[in-house]
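# Working through the structure, step by step
Chain residues, written in single-letter form:
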Amino acid sequence: MSEAYFPVGPGLGPEENFLSLDDILMSQEKLPGRAESSLPRLAFALGQGAAGGSGDSIPEGSKLEIPMWLAKGLHDSKRRIISVELPKIYKEAWRTVFSADANVVDLHKMGPYYYSFGSQLLNFDNPENPEIAQTILQTFISRFRRIMDSSQNAYNEDTSMLVARLDELERALFRAGQKGLNDFQCWEKGQASQITVSSLVQNYGKRKFTDMDG
């Protein structure tokens, strides 16, 4: 009998988990940028030329739309291969909106991976990195309570409207809140066969014994 599949969670902060489908999809999101030197054999890969042709190099100074995974691979502060620009949702104008009331923003429309993509931006040498990191943190704090309150007050209801404006991390939190509510309701009605140990507690115990063995 095959084992059940357990989804792999995304990485934390600037780190990625390459076994996570969420991180793979997030790394495909594109960044605006500029070629600071000629980029041979990349025009076709970035949709700017024909395969194998003489024009398969991207000339210096060209504007680019680069997937996050490739931008990280090409970024080198010493050689200046490419430079990247901030997507508009992370710029000062939008940071002001978030600081005023983060709950009014449709994060899914602006970017379904707002938190993880923004954390990846911190890998690039940008003088606005401290402000970006602070805005991401405060946005999460501001929206967290409303998300969990909504998840706990929507038992056996259509939740499509509640999650429509949430980014993927927030949707995962909402689902976790819903599962906790449903499990509690089942237990309260006597429909739960047994109380099981939380997976978080199990994983913590495994790590603890591993550390002791080491």
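Bear in mind the structure is a predicted one, so any value in this text is a computation, not a measurement.

### A word on the packing of aromatic side chains
In this description, a pair of aromatic rings is defined by centroid distance and the angle of the planes. Applying the stated rule across the entire model yields eight aromatic pairs. Between the aromatic rings of tyrosine 114 and tyrosine 115, the centroid separation amounts to 5.2 Å while the plane-to-plane angle is 75 degrees, which identifies the pairing as edge-to-face. Across the pair, tyrosine 115 and tyrosine 114 agree in class, each one buried. Put simply, the rings of Tyr90, Trp94, Phe98, Tyr114, Tyr115, Phe117, Phe140 and Phe144 pair up and form one aromatic cluster.

### Looking at helix H6 (residues 129-152)
End to end, H6 covers 35 Å across 24 residues, agreeing with the expected 34 Å (1.5 Å per residue, within 8%). Roughly 35 degrees is the biggest bend found in H6, and it falls at arginine 143. Listing the buried residues of H6 in full gives Asn129, Ile132, Thr135, Ile136, Thr139, Arg143, Ile147 and Ser151. Among the structural elements, helix H3 (92-101), helix H4 (107-110), helix H5 (114-121) and helix H8 (168-188) are those in contact with the buried residues of H6.

### Let's talk about the sheet that holds strand S3 (residues 82-84)
With antiparallel pairing, three strands are arranged side by side in an open sheet as S2-S1-S3. Edge positions in the sheet fall to strand S2 (63-67) and S3, since each of these pairs with one other strand and no more. Looking at each pair of strands side by side, their axes are set apart by 40 degrees on average, direction ignored. Of the pairings in the sheet, the one linking strand S1 (residues 30-35) to S2 comprises five bridges and is antiparallel in character. Counted as the bridge partner of arginine 34 is lysine 63 from S2.

### A word on empty space enclosed by the protein
Scanning all chains against the criterion turns up one cavity of 30 Å³ or more. Of the volumes computed, that of the largest cavity is approximately 30 Å³. Forming the boundary of the largest cavity are Ile89, Tyr90, Arg95, Phe98, Tyr114, Ile132, Thr135 and Ile136. Of all elements in the fold, only H3 and H6 reach the threshold of two or more residues within the lining of the largest cavity. Residue contributions to the lining of the largest cavity peak at three residues, all from H6.

Quick notes on the rules
- Residues numbered from 1 in each chain as written.
- Predicted model: local features only at pLDDT ≥ 70, side-chain atom pairs only at ≥ 80, totals over all residues.
- Heavy atoms only, no water.
- Phe/Tyr/Trp six-rings, centres within 6.5 Å; stacked < 30°, edge-to-face > 60°.
- Buried < 20%, exposed > 50% of the residue type's maximum accessible area, 1.4 Å probe, protein only.
- Helix = DSSP H or I, 4+ residues; strand = E, 2+ residues; numbered from the N terminus.
- Expected span 1.5 Å × (residues − 1).
- Bend = angle between axes of the 7 residues up to and from the residue.
- Contact = heavy atoms within 4.5 Å.
- Pairing = 2+ DSSP bridges.
- Axes fitted to C-alpha atoms, helices over the stretch in contact; angles between N-to-C directions.
- 1 Å grid on protein atoms, 1.4 Å probe; cavity = no way out; pocket = protein on both sides within 12 Å on 5 of 7 lines; lining within 4 Å.
- Points joined across faces, edges and corners; volume = space filled by probe spheres on them.

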